[in-house]
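# Observations on the three-dimensional arrangement
Each chain, written out:
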Amino acid sequence: EAGVAQSPRYKIIEKRQSVAFWCNPISGHATLYWYQQILGQGPKLLIQFQNNGVVDDSQLPKDRFSAERLKGVDSTLKIQPAKLEDSAVYLCASSLVPGRPAYEQYFGPGTRLTVT
Amino acid sequence: AQTVTQSQPEMSVQEAETVTLSCTYDTSENNYYLFWYKQPPSRQMILVIRQEAYKQQNATENRFSVNFQKAAKSFSLKISDSQLGDTAMYFCAFTTDNYGQNFVFGPGTRLSVLP
C-alpha cells in the first residue's frame, strides 16, 4: 500500500513570504495530523483532522498558519507570512479511525522549510 | 498539561549489545497510550512499539520491549541484540485519547549503534 505523500520535500523562502505544503494520506485513513518538528526537538502537533473536520488545533498559530482538508482526503497547510522561527520540518501523518487497541500513525517524509 | 521527558539526549551501544532508553511522563489520567517511535536519518517516522496503560503486561515486539511502570510514570525501551539499522532518533509519545487528541512527543534520544 502507498504511504503518506508530502510535497514539496524542501522549500526555501524569505521571511514575510507565503508557503503551502500538501499531504495525501494513506487511502481510507480518516485521521490526518500536521506536526512541526524544529531541529533537535520532538514533533509538535499543530492540527488534527477527523475526516474533514478539525478535532484539535490548540497549538496552531492561527494568526499565520491555516490548514484545510477538503473532501476528507488531501490536506494543505499554509503559512502567511512566514517568520524565521517557522524554519522546521513539517510532518504529515494519518491513521485509521482509532479504537482499541491503540491506533498507529503513519508518517510522511516531511517538508523541510527554511525561512531566510 | 501532559508532558513527556526523555533525559538522555544521546546514547551509543555496540552492535549486538543491549541498550535501554528512558522516558517519563506526567498525566492525571488513569487510562492512556504510550508509544516509542523511531526516526532514522531519512526522517520517516515509524512506530516501534505501543503500550496501553490498562494492560499490566509489558509490550514486546521482536528485539524491542518496554518496561512500563505506571506508578512511577516510567516507560523505558529496551533494544536487545542492537543492529546498525537501529541507529536513529527515538521518540517517546503519549496520548490520553482513543482518538489521538493531545498527542505529545518527547524531545528524543539519538541512538548510535557502533560496529
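Predicted, not measured: the structure shown is a model, and the values here were computed from it.

All right, on to the sheet that holds strand β1 (residues 5-7) of chain A then. Residue and element names in this part refer to chain A. In space, the 4 strands of this open sheet follow the order β1-β3-β8-β7, with antiparallel pairing throughout. Edge positions in the sheet fall to β1 and β7 (65-68), since each of these pairs with one other strand and no more. Strand-to-strand, the axes of this sheet are offset by a mean angle of 15°, without reference to chain direction. Here strand β3 (residues 19-24) runs beside strand β8 (residues 75-79); their pairing, made up of 5 bridges, is antiparallel.

The next thing to look at is the nonpolar core. Core analysis: the biggest nonpolar cluster contains 25 residues, and Tyr25, Trp36, Phe75, Leu77 and Tyr90 of chain B have the highest contact counts within it. The greatest single-element share of this core, amounting to 4 residues, is contributed by strand β10 (residues 88-95) of chain B. Contact partners of Phe75 of chain B, with chain neighbours within four places excluded, come to Cys23, Tyr25, Leu34, Phe35, Trp36, Gln51, Val66, Asn67, Phe68 and Cys92 of chain B. Counting 21 residues, the second largest nonpolar core, distinct from the first, contains Ile26, Ile47, Leu60 and Ile79 of chain A.

Moving on: the pairing of strand β8 (residues 64-69) of chain B. Residues and elements named next belong to chain B. With 2 bridges joining them, strand β7 (residues 60-61) and β8 adopt antiparallel strand pairing. Each residue of the ladder has a partner; that of Glu61, found in β8, is Phe64. What sits between β7 and β8 in their antiparallel hairpin is a turn of 2 residues, with Asn62 showing a positive phi close to 55°. In this structure, β8 lies alongside strand β9 (residues 74-79), joined through 6 bridges in antiparallel fashion. Bridging from a neighbouring strand, Gln69 pairs with Ser74 of β9.

The rules behind these values
- Residues numbered from 1 in each chain as written.
- Chains lettered and ligands numbered in written order.
- Predicted model: local features only at pLDDT ≥ 70, side-chain atom pairs only at ≥ 80, totals over all residues.
- Heavy atoms only, no water.
- Pairing = 2+ DSSP bridges.
- Helix = DSSP H or I, 4+ residues; strand = E, 2+ residues; numbered from the N terminus.
- Axes fitted to C-alpha atoms, helices over the stretch in contact; angles between N-to-C directions.
- Core = buried A, V, L, I, M, F, W, Y, C linked by side-chain atoms within 4.5 Å.
- Buried < 20%, exposed > 50% of the residue type's maximum accessible area, 1.4 Å probe, protein only.
- Contact = heavy atoms within 4.5 Å.

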